[in-house]
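# Overview (structure and organization)
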Amino acid sequence: MIVDKAYKISIFGDYNDIVATAENMQFMLDKFGSMGLLPTTFQELVMSEQLQPPISYQRLALISGDGLKKVTIASNRLDFDIQISGDWRLSSEQISEYNREMSDVLKVILEKFSQKSSRLALNTSSLIVELNEQEIHAFLDKFTNPLSVYHEPLEEWATHMMIRRDFMIGGNQEKVNVITEIEKTEIEKSENDKLLQAVGFSVYCDINTIAENILKRFNGDDILTFAVAASSCWNEIVADVG
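Below is a short write-up of the structure. From a predicted model like this one, the values you see are computed outputs, not experimental measurements.

So, how was this worked out
Residues numbered from 1 in each chain as written. Predicted model: local features only at pLDDT ≥ 70, side-chain atom pairs only at ≥ 80, totals over all residues. Heavy atoms only, no water. Salt bridge = Lys/Arg side-chain N within 4 Å of Asp/Glu carboxyl O. Helix = DSSP H or I, 4+ residues; strand = E, 2+ residues; numbered from the N terminus. Buried < 20%, exposed > 50% of the residue type's maximum accessible area, 1.4 Å probe, protein only. Patch = residues over 30% accessible without salt bridge, like charges linked within 9 Å, V, L, I, M, F, W, Y side chains within 5 Å. Areas by Shrake-Rupley, 256 points an atom, 1.4 Å probe, with all protein chains shown as cover. Pairing = 2+ DSSP bridges. Axes fitted to C-alpha atoms, helices over the stretch in contact; angles between N-to-C directions. Left-handed = near helix turned anticlockwise from the far one by under 90°. Contact = heavy atoms within 4.5 Å. Nonpolar A, V, L, I, M, F, W, Y, C, P; charged D, E, K, R; others polar.

### Examining the pattern of salt bridges
Following the criterion strictly, the structure yields 10 salt bridges and no others. Of the charged contacts in the structure, one is a salt bridge between Arg-165 and Glu-236, with a shortest N-O distance of 3.1 Å. One end of the pair, Arg-165, is in strand E7 (residues 158-169); the other, Glu-236, is in helix H4 (residues 220-241), and 71 residues separate them in sequence. For Arg-165, a relative accessible area of 29% translates into the label partly exposed. For Lys-175, the salt bridge goes to Asp-166, with nearest N and O atoms at 3.2 Å. Judged by its relative accessible area of 41%, Lys-175 is partly exposed. Residue Asp-166 is classed as partly exposed on the basis of its relative accessible area of 38%.

See below:
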């Protein structure tokens, strides 16, 4: 069984000017308070000159009352991170709702501060759980062609894969990295006030426009276009993994 644990959209650029002033905090409250996202701050550590300690800056953030949704505005990136509680797989309707909500929030912030983005990314975290010994071995056999010495049950195992695809974003063809990492891991679960451990697999996906193109070209509408294409690619990966 595959369960989703985190879903995050990130946009990259120069956001040093989006600072934690009283005016900006009020703007965030007015715009996003009705969505259950309240303004707060966080500490960003920025590396200074060589051999000097990093400098700490107060940066703007938004957070939901349950702490599961968080928007952070760092100096060079905006992240909208959704943590998923419970053991369940996101439905296509939930993914569409998340994509719309996240892109709407990020679009408002970009337009308020007259900004664009040079890179876009979707990062997800999932777990493959509730496997018996036979299913664990079958999963490893599916993804592994080991050397002869590794025919015994593998105590540690991981794989890293990357390809490039083309997405149409804002009328332009964009090169996109599609990265998947799968790793055998110990999974902890609380049941009847007891902490249980079992063997499973973590699945991390990182789908991002290439870093080589540094032009600030993505606007708020492009975020949704990217999110829809990236989440479709992610669903394709997870379906194959399962």
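### Here's the deal with a nonpolar patch on the surface
Where nonpolar side chains cluster on the molecular surface, the patch consists of Leu-147, Val-149 and Tyr-150 and spans about 350 Å² of accessible area. Mapped onto the elements, Tyr-150 comes out in the loop between helix H3 (133-143) and E7.

### Observations regarding the pairing of strand E1 (residues 2-12)
With 9 of its 11 residues buried, E1 lies for the most part within the structure. Summarising the sheet, E1 and strand E6 (residues 119-128) pair through 10 bridges and their orientation is antiparallel. Paired with Val-3 across the strands is Leu-127, a residue of E6. In the sheet, E1 pairs with strand E5 (residues 77-83) via 7 bridges, with the strands oriented antiparallel. When the bridges of E5 are listed, Lys-8 appears paired with Asp-81.

### As for the packing of helix H1 (residues 22-32) against helix H2 (residues 92-112)
Viewed as axis vectors pointing N to C, H1 and H2 meet at an angle of 145°, and their least axial separation amounts to 12 Å. Crossing hand, H1 versus H2: right-handed. Listed contacts from H2 to Phe-27, Met-28, Lys-31 and Phe-32 of H1 are Val-105, Val-108, Ile-109 and Lys-112. Of the residues belonging to the contact of H1 with H2, the class tally is 6 nonpolar, no polar and 2 charged.

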